[in-house]
Amino acid sequence: MNRTLIIAEHDGTSLNPSTSKCARCATAIGQDFDIVVMGSSTNEIATQAAAIDGAGTVISVDAEHLANPLAANHASEVVAMADGYSHILGPSTTYGRDLMPRIAALLGVNQVSDISAVEDGYHFKRPIYAGNAIVDVHAPEGSKVVATVRVASWKALGDGGNAAVESKSASSAASSHTRYVNLESGGGERPDLQTATSVISGGRAMASKENFDLIYELADLIGAGAGASRAAVDAGYCPNDMQVGQTGKIISPDLYIAFGISGAIQHITGIKDAGTIVAVNKDADAPIFEVADIGLAADLFTVIPEMKQLLG
Amino acid sequence: MKILVGIKRVVDYNVRIRVKSDGSGVDTDGVKMSINPFDEIALEEALRIREAGLAEEVIVVSLGGNECQQQLRTGLAMGADRAIQVDTSENLQPLTIARTFLKVIEKEQPGLVLLGKQAIDGDNSQTAQMLAALWDRPQATFASGLNLSGDTATVVREVDAGLETIEVDLPAVVSVDLRLNEPRFVKLPDIMKAKRKPLDVISLGDLGVTSENDLEISHYTPPPARDKGHMVEDTAQLVAELKSRGLV
Ligand SMILES: Cc1cc2nc3c(=O)[nH]c(=O)nc-3n(C[C@H](O)[C@H](O)[C@H](O)COP(=O)(O)OP(=O)(O)OC[C@H]3O[C@@H](n4cnc5c(N)ncnc54)[C@H](O)[C@@H]3O)c2cc1C
């Protein structure tokens, strides 16, 4: 029964790359894996999942009440098929973090959160204390492992596969106590922060919602995603889904540029895996310069227009 | 209605975390300890609900040794009505914590349980979801908005894609995010008053819970350091370097 079940994440139209990253983690454990896609009209998503290199079977559970990602509904389906698997992996995104502990508790096991590296099926590494310490986590040999995979630590697998898709009907009815109302998405069409190759972020120094246009314009110019510090989100300069950090998104772009962000540990946690970190801050002593690969001590309100000109 | 709020004693968020040289843990000697920031927000929300007349009693609960009474007293000073310490010397893992909360729930019968969405030490983000599962009640995680009306709660959740709204029947478990509210400051007279509020101590065993800590956590190491970077003089140099690295 050494087999991994991966919980697919999607938005109803496309598969989130977090799924393929979880699959990479399963291969690091050294196991064959299946993928379960839960949703309504899941055909297209299941096809995308089937293309992940090495996928065994894609199990498609199609029911109206699974259309929205309510943990109460999704957890019951996963628990119903848990018997055939030694490992159940989901992403460390808000979807996975909401869902996986519910599954673990229903199965009566502890959960390993945020796997960043794998030694074998029961030995993992993960960051704690906002990434200030890395620890070994050893799950009991032979126990069922339920875990979230720290998506910023894993690259997606290739998409040349052609796994079989199996349809399964839902094993439980809709939960009567939890109802989905709606999703208000903040972002426009910019690349998703968790998969973007470049990210441009603004901090409290942006000083207004209008000024954040500078960040968006520069981001659009180079095809980057747009991010922010908590202070910028709290101040209402930009939507919550742009927050990068311990309690926002943990990202790993090739290029991260921070404008007017001081570099609090909770922010740095979110960008440690970035390829090149650039910081622009008018305070030459700002802590962000300790982690930046390239630093520029200057006023962002002059630097951004100059960059736009030089890159335009 | 009673509201139960979970409180964890953690290393203060402003403290620079140092891993012990023998890899056995992080240094907590003489380090400032505080209520986990998310739990403080959970408590603030509970107090506001009570102040709005929608709840009668706010109970703060912490699992730990006598040292966590300090955080429970802070919770009482913020305005909680009473406190429960579940006495244990073990650093319990979320499944056991959830089982413990369930026992307290069976005794206290709260209409709402408010927890932080994660503790800033273990960063697990599990307890609320596990508790909801074991209790067979709804979970609403990462809340940045909470509205009670009769037997339901409407919760705005901070998710990767934006703001998701769900509706749950009470009783429910809600885990809170940072933007839900700004906790009040504790005033000196409140600290004095808090000393006279009830703080009950029960042992884990008396609640009938046995620890199921079966994940072994070891080999603490500091994160790999990034290579030291350098400063550039102006925007032109910055752009030139980004271009030469093939990044733009
Ligand atoms: C539990 C907890 C979780 C948290 N989680 C997160 C998280 O996920 N993400 C996050 O980001 N934060 C998080 N924080 C908050 C974090 O501690 C900081 O408060 C926050 O990151 C500060 O944001 P900032 O750098 O934009 O603002 P500030 O710290 O105020 O920094 C602003 C910077 O802008 C510079 N500046 C000002 N004007 C200009 C100018 N014209 N040009 C150039 N530079 C200028 C200043 O020198 C300063 O360095 C968390 C905090 C807690 C307690």
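The rules we used
- Residues numbered from 1 in each chain as written.
- Chains lettered and ligands numbered in written order.
- Predicted model: local features only at pLDDT ≥ 70, side-chain atom pairs only at ≥ 80, totals over all residues.
- Heavy atoms only, no water.
- Helix = DSSP H or I, 4+ residues; strand = E, 2+ residues; numbered from the N terminus.
- Buried < 20%, exposed > 50% of the residue type's maximum accessible area, 1.4 Å probe, protein only.
- Contact = heavy atoms within 4.5 Å.
- Areas by Shrake-Rupley, 256 points an atom, 1.4 Å probe, with all protein chains shown as cover.
- Lys, Arg positive; Asp, Glu negative; His and termini not counted.
- Charge placed at Lys NZ, Arg CZ, Asp CG, Glu CD.
- Salt bridge = Lys/Arg side-chain N within 4 Å of Asp/Glu carboxyl O.
- Domains from an automatic or database assignment.
- Buried area = accessible area lost by both parts, 1.4 Å probe.
- Polar contact = N/O pair within 3.5 Å; in protein donor to acceptor, adjacent residues only side chain to side chain.
- Nonpolar A, V, L, I, M, F, W, Y, C, P; charged D, E, K, R; others polar.
- Pairing = 2+ DSSP bridges.
- Core = buried A, V, L, I, M, F, W, Y, C linked by side-chain atoms within 4.5 Å.
- Axes fitted to C-alpha atoms, helices over the stretch in contact; angles between N-to-C directions.
- Near = heavy atom within 4 Å.

### Considering the overall build of chain B
- Of the regular secondary structure elements, chain B holds six helices and 13 strands.
- When the backbone C-alpha atoms are referred to their principal axes, chain B occupies close to 65 × 45 × 40 Å.
- Across the 248 residues that make up chain B, the buried fraction comes to 56%.
- Contacts in chain B between residues far apart in sequence, at least 24 positions, make up 71% of those at least 6 positions apart.
- Accessible surface, chain B: about 11000 Å² in total, of which carbon and sulfur atoms supply 48%.
- Here chain B holds 28 positive side-chain charges and 38 negative ones, and the gap between their average locations is 5 Å.

### Looking at the pattern of salt bridges
- Applying the stated criterion across every chain, the model contains 32 salt bridges over all chains.
- Its salt-bridge partner being R190 of chain A, residue D220 of chain A comes within 2.8 Å of it at the nearest N-O pair. Of the two residues, D220 of chain A sits in helix α5 (residues 212-222) while R190 of chain A sits in the loop between β11 (178-184) and β12 (198-202), which places them 30 residues apart along the sequence.
- Residue classification places D220 of chain A among the partly exposed residues on the basis of a relative accessible area of 46%.
- Of the charged contacts, one joins D293 of chain A and R226 of chain B as a salt bridge, the two residues approaching to 2.8 Å between their closest N and O atoms. Residue D293 of chain A is found in the loop between α8 (288-291) and β16 (294-296), and its partner R226 of chain B is found in the loop between β12 (216-221) and β13 (230-231); the two belong to separate chains.
- D293 of chain A gets classed as buried once you look at its relative accessible area, which sits at 11%.

### Thoughts on the domain arrangement of chain A
Residues and elements named next belong to chain A.
- As far as domains go, chain A holds domain 1 (3-168) and domain 2 (198-311).
- When each unit is reduced to the centre of its C-alpha atoms, the spacing between domain 1 and domain 2 is 31 Å.
- In this assembly, six residues from domain 1 lie in contact with nine residues from domain 2.
- Taking both sides of the interface into account, the surface hidden between domain 1 and domain 2 amounts to around 580 Å²; carbon and sulfur atoms contribute 40%.
- Considering only the surface of domain 1 that becomes buried against domain 2, A130, R150 and A152 emerge as the three largest contributors, covering 71% of it.

### Examining the interface of chain B and chain A
- If you look at the interface, chain B gives 77 residues, while chain A gives 83 residues.
- Buried surface at the junction of chain B and chain A, summed over both partners, amounts to about 6700 Å²; 53% is from carbon and sulfur atoms.
- Broken down residue by residue, the surface that chain B buries against chain A is led by D160, R179 and R226 of chain B, which jointly contribute 12%.
- Where chain B packs against chain A, one counts six salt bridges.
- One salt bridge connects D98 of chain A with R157 of chain B, and the closest N-O pair in it is separated by 3.5 Å.
- The tally of links between chain B and chain A comes to 43 residue pairs in polar contact (both at pLDDT 80 or more).
- Of all elements in the fold, only α3 (94-108), α4 (127-135), β7 (139-149), β8 (152-159), β9 (162-169), β12, β13 and α6 (235-244) of chain B reach the threshold of two or more residues within the side of chain B that touches chain A.
- Of the residues forming the side of chain B that touches chain A, the biggest block, eight residues, is contributed by β9 of chain B.
- Partitioning the side of chain B that touches chain A into residue classes produces 34 nonpolar, 19 polar and 24 charged.
- Sheet topology note: the β11 of chain A/β9 of chain B ladder contains six bridges and is antiparallel.

### Details of the nonpolar core
- Core analysis: the largest hydrophobic core is formed by 49 residues, its most contacted members being I7 and I88 of chain A together with L131 of chain B.
- By residue number, the principal contributor to this core is α3 of chain B, which donates seven residues.

### Points about the sheet that holds β13 of chain B
- With parallel pairing, six strands are arranged side by side in an open sheet as β13(A)-β12(A)-β14(A)-β15(A)-β16(A)-β13(B). The open sheet has two edge strands, β13 (225-228) of chain A together with β13 of chain B, and neither has a second partner.
- Pairing of β16 of chain A with β13 of chain B involves two bridges; the strand directions are parallel. Across the sheet, I294 of chain A pairs through a bridge with H230 of chain B, a residue of β13 of chain B.
- Taken strand by strand, α5 of chain A contacts β12, β13 and β14 (255-259) of chain A, and its axis lies near 170° from that of β12 of chain A.
- The strands touched by helix α9 (residues 300-311) of chain A are β14, β15 (276-280) and β16 of chain A; relative to β14 of chain A, the strand with the most contacts, the crossing angle is about 140°.

### Focus: the site of the ligand
- Near the ligand there are 30 residues, and of these R204, S229, T247, S262 and N281 of chain A occur at the shortest range.
- Neighbouring residues of the ligand are distributed over chains A and B.
- One nitrogen or oxygen atom from the side chain of R204 of chain A is found 2.5 Å from an oxygen atom belonging to the ligand.
- Between the ligand and the protein, one listed contact pairs a nitrogen atom with a backbone N or O atom of K282 of chain A at 3.1 Å.

### Comments concerning the sheet that holds strand β6 (residues 117-120) of chain A
- Read across the sheet, four strands follow the order β6(A)-β7(A)-β8(A)-β12(B) without closing on themselves; strand pairing throughout is antiparallel. This sheet does not close on itself; its edge strands, each paired only once, are β6 of chain A together with β12 of chain B. Within the sheet, the average angular offset between the axes of one strand and its neighbour, ignoring direction, is 30°.
- Sheet topology places strand β8 (residues 133-138) of chain A next to β12 of chain B; four bridges connect them, and they run antiparallel. Within the sheet, the bridge partner assigned to D136 of chain A lies in β12 of chain B and is S218 of chain B.

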